[in-house]
Every structure is written in C-alpha cells, then in structure tokens.
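# Remarks on the overall topology
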Amino acid sequence: MLRSAAFLLAAASTFAVDFSGTSAFKYVAKAVEFGPRPSGSEANQKLQNYILAQIRMDGCEVMEDPFTASTPNGAIKMDNIIAKFPGRSGKAIVITGHFDTKLFPGRKFVGANDGGSSTGLLLELARALQRQPRIDDVYLVWFDGEEAVREQWEGEDNLYGSRHLAAKWRKDGTLARVKALINVDMIGDKDLDIKRETTGNAKLNTLVWDTAKALGYGAYFLDQTQATEDDHLPFLQQGVPAIDLIDFDYDPWHKDSDTMDKISAQSLEIVGTVVLEVIHRLEH
Ligand SMILES: [Zn+2]
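About the criteria used
- Residues numbered from 1 in each chain as written.
- Predicted model: local features only at pLDDT ≥ 70, side-chain atom pairs only at ≥ 80, totals over all residues.
- Heavy atoms only, no water.
- Donors = N, O, S within 2.8 Å, 3.2 Å for Na, K, Ca; no water.
- Tetrahedral: all angles 85-135°; square planar, octahedral: opposite > 155°, others 65-115°.
- Helix = DSSP H or I, 4+ residues; strand = E, 2+ residues; numbered from the N terminus.
- Buried < 20%, exposed > 50% of the residue type's maximum accessible area, 1.4 Å probe, protein only.
- Lys, Arg positive; Asp, Glu negative; His and termini not counted.
- Salt bridge = Lys/Arg side-chain N within 4 Å of Asp/Glu carboxyl O.
- Polar contact = N/O pair within 3.5 Å; in protein donor to acceptor, adjacent residues only side chain to side chain.
- Contact = heavy atoms within 4.5 Å.
- Expected span 1.5 Å × (residues − 1).
- Arc of directions from axis to C-beta.
- Core = buried A, V, L, I, M, F, W, Y, C linked by side-chain atoms within 4.5 Å.
- pLDDT = per-residue confidence, 0-100.
- Pairing = 2+ DSSP bridges.
- Axes fitted to C-alpha atoms, helices over the stretch in contact; angles between N-to-C directions.
- Parallel < 35°, antiparallel > 145°, perpendicular 65-115°, else oblique.
- Left-handed = near helix turned anticlockwise from the far one by under 90°.
- Nonpolar A, V, L, I, M, F, W, Y, C, P; charged D, E, K, R; others polar.

## Some details on the coordination of the zinc ion
Around the zinc ion, the protein supplies Asp114 (OD), Glu147 (OE), Glu147 (OE) and His254 (NE2) as donor atoms, at distances of 1.9 to 2.7 Å. Around the zinc ion sit four donor atoms; with metal-centred angles ranging over 53 to 150°, the donor geometry is irregular.

Following this line, the structure appears as structure tokens:
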C-alpha cells in the first residue's frame with residue numbers, strides 16, 4: 001500500500017505530461033479573435049500582451065526581445081517573447097514558433113494554422129511545463145516577423161525575429177548551451193501529415209519520429225521529406241541542432257480560408273504531446 005502510493009507519487013512528479021489539445025485549441029481561437037496580426041499592427045501588439053499575461057501565470061521567467069526591423073515597408077517595431085523554465089544542467093532546449101500573420105492589405109487573413117497554431121501550442125506547452133521538474137533550461141520562444149512583408153518570400157524579407165534572436169544569443173553565449181531547437185509551424189491542420197524537413201538536424205528528426213511512433217502517432221509523421229525555409233534556419237546556420245516541424249500540405253495556406261474550422265484540437269495534441277516527450281527524452 002505504502003509502496004504503491006510512493007511509486008504513484010514518484011510517477012506523478014516525473015511524468016506529469018498532460019498536453020491538452022482542447023486547451024491549445026482555445027489559445028489559438030483567442031489569438032485568431034484579434035484578427036489579422038501582421039508585425040507592427042495593433043492586433044499584433046494586443047496578442048503580445050495576451051501571450052505575456054498568460055505566461056506570467058505559468059511560473060517561468062518572462063523575457064522580451066524588442067527590436068526594429070528594416071523591411072521593404074520601412075522600419076517596423078517587432079518583439080520576440082521568451083519563457084524560460086530553468087533547469088540545473090547548464091544546457092538548454094528551445095521550442096519555437098511564430099505569432100505574426102502574413103500582411104495581406106485589404107484582406108481578412110487571420111492565420112488560424114499559419115501563426116495561430118504555433119502560438120496556441122506554445123501557450124499550452126508553457127502551461128504543461130510548469131508542473132514538471134527540469135534538468136535542462138527549457139526556453140519557449142514566440143517569434144515576431146516570420147512572414148515576408150512583401151507578397152513573395154525573398155532574400156532577407158522574412159525570419160526577422162529568429163534572425164534577431166539567433167544573433168543576440170550568439171553574442172551573449174546562450175547559443176553554445178542549446179542542445180536542441182525545435183520549431184513548430186502550421187501544425188494544427190485537421191488532416192495532419194508532417195514530412196521530415198531536409199535541412200534540419202538528422203539526429204533530432206530521428207528522435208522526434210521515433211518518439212511519435214512510440215506514442216502511437218507514427219501515422220502522422222510521414223516517411224517523406226521536404227525542404228522548408230523557416231525560423232529554424234538562422235539557428236542551423238549558427239551550428240545549433242535544429243529542426244522544423246511543419247505540415248505544409250494545407251490548401252488554405254495564405255488564404256482567407258485559413259480559419260478555425262480547418263484545424264483541430266487533436267492535431268495540436270498530437271504534436272504537443274510528442275514535443276513534450278521529446279523534451280523529456282533530451283533531458284535524460
Ligand atoms: Zn505563412
């Protein structure tokens with residue numbers, strides 16, 4: 001009796017992994033309610049305030065990384081938001097995603113999947129992580145300015161937030177402590193099928209795919225590959241083991257039909273649960 005109670009307690013403190021897709025979905029809905037959220041917009045600022053208010057309740061260290069981006073549309077004020085869950089090893093694990101939506105003047109593009117899903121998944125991760133003991137520092141980062149300001153994705157007109165943070169973390173020494181960085185983008189599609197992104201770190205990709213299989217989610221992580229330019233790139237270029245989890249097979253991509261009815265709590269739960277378990281495996 002005593003022994004099993006002690007075992008249950010130990011199990012509860014070690015494996016209190018409860019990523020709720022329903023909760024993540026609600027966070028996405030909240031982000032979408034602010035409307036189109038391109039960098040520099042009032043709605044983008046309102047969403048920043050919302051993210052900050054949420055994570056201040058999650059028992060983490062909250063940091064901001066404000067900067068002015070020079071874009072084809074002139075100078076735009078942007079801000080990355082960072083939640084740090086401190087460990088004791090000196091090493092760090094980083095999970096990232098973007099919260100801005102692509103600028104489409106005159107349209108009502110709310111990016112439920114593209115911008116919304118990563119925002120909500122990270123907010124739910126923050127909620128889930130506060131109940132776990134940490135070995136490594138775990139950083140959650142909401143990037144601003146992932147999207148190109150121009151219609152086309154060209155040159156340096158994209159990845160503003162991730163390029164800024166990679167440069168800052170290289171200078172202050174944080175990058176040298178990062179043993180893995182996982183970026184998530186467009187992971188809410190009801191019809192979830194994630195392909196291996198080919199520029200990413202092979203070992204880290206294998207860990208994610210093996211973990212998904214072990215959790216019974218192998219059907220959603222395909223044995224197919226695809227190259228994608230995303231927020232993991234500035235870190236890869238600095239030698240950080242980094243990958244991008246993205247389901248780019250999504251018809252409403254950059255259309256006004258990228259709305260809440262195209263995404264599901266289940267898909268968010270699958271990806272969130274896999275990421276939480278990968279954090280656990282990276283720490284042990
Ligand atoms: Zn996009």
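Now that the structure is up, let's keep going.
## Observations concerning the side chain of Asp258
Structurally, Asp258 can be placed in the loop between strand E8 (242-246) and helix H8 (265-283). No salt bridge is formed by the buried Asp258; its nearest oppositely charged neighbour, Lys262, is found at 7.2 Å. A polar contact is formed between the side chain of Asp258 and the backbone nitrogen of Asn113, at a distance of 2.8 Å. With residues up to four places along the chain from it excluded, the contact list for Asp258 reads Phe109, Val110, Gly111, Ala112, Asn113, Asp114, Tyr250 and Pro252.

## What about helix H6 (residues 202-214)?
Owing to its 3.6 residues per turn, the α-helix brings residues three or four apart onto one side. Over its 13 residues, H6 runs 18 Å from end to end, which matches the ideal 18 Å to within 8%, given 1.5 Å per residue. Listed in full, the buried residues belonging to H6 are Leu204, Asn205, Val208, Trp209, Thr211 and Ala212. Across the axial projection of H6, the buried residues extend over an arc of 160°, all falling on one side. H6 presents Ala202, Lys203, Lys213 and Ala214 as exposed residues on the side facing more than 90 degrees away from its buried surface. Buried residues belonging to H6 abut strand E5 (178-185), strand E6 (194-197), strand E7 (221-226), E8 and H8. Two residues or fewer past H6, Gly216 is found with a positive phi of approximately 85°.

## Section: the nonpolar core
Formed by 57 residues in total, the largest nonpolar core has its most connected members in Ile55, Ile95, Leu125, Leu140, Trp142 and Val208. At nine residues, the largest contribution of residues to this core is made by H8. Excluding residues that lie within four positions of it along the chain, Ile55 makes contacts with Cys60, Val62, Ile81, Ile82, Ala83, Leu123, Ala126 and Trp142. Phe143, Trp169, Phe235 and Val240 belong to the second-largest nonpolar core, a separate cluster that totals 15 residues.

## Topic: the confidence of the model for the chain
In the predicted model, the chain carries a mean pLDDT of 94, and the fraction of residues at 70 or more is 94%. Low pLDDT, under 50, characterises residues 5-15; the stretch is placed with four contacts to residues that sit more than four places away or in other chains.

## Remarks on the pairing of strand E1 (residues 61-71)
Along a regular strand, successive side chains alternate from one face of the sheet to the other. Bridge analysis of E1 against strand E2 (residues 74-85) gives 11 bridges, and the strand direction is antiparallel. For Ala69, the partnering residue across the bridge sits in E2 and is Ile76. Counted between consecutive antiparallel strands, the loop separating E1 from E2 contains two residues.

## Observations regarding the environment of Gln130
Tracing the backbone through its elements, the reader meets Gln130 in the loop between helix H4 (112-129) and strand E4 (137-143). Judged by its relative accessible area of 33%, Gln130 is partly exposed. Distance in space between the C-alpha atoms of Gln130 and Asp58 is 5.8 Å, their sequence separation being 72 residues. Here Arg127 takes part through its backbone oxygen, which lies 3.3 Å from a polar atom of the side chain of Gln130.

## Side note on the packing of helix H2 (residues 21-33) against H4
Helices that pack against each other are described as a pair by the angle of their axes relative to one another and the distance between those axes. Here H2 crosses H4 at 130°, and the two axes come no closer than 7 Å. In this view, H2 runs oblique relative to H4, as classed from their interaxial angle. Our pair here, H2 against H4, has a crossing hand that is right-handed. In contact with Ser23, Ala24, Tyr27, Val28, Ala31 and Val32 of H2, H4 contributes Ala112, Gly116, Ser117, Thr119, Gly120, Leu121, Leu123, Glu124 and Arg127. Residues belonging to the contact of H2 with H4 are distributed by class as follows: eight nonpolar, five polar and two charged.

## What to know about the sheet that holds E2
Within the open sheet, the six strands sit side by side as E1-E2-E4-E3-E5-E8. Their pairing is mixed. Two strands in the sheet have a free side with no partner beyond their single neighbour: E1 and E8. The mean inter-strand angle of the sheet, taken between neighbouring strand axes irrespective of direction, is 20°. Where E5 lies against E8, five bridges are found, and the strand directions are parallel. Paired with Val184 across the bridge in E8 is Leu245. Contacts from helix H5 (residues 160-171) reach E1, E2, strand E3 (92-98) and E4 within the one sheet, and its direction differs from that of E1 by about 115°.

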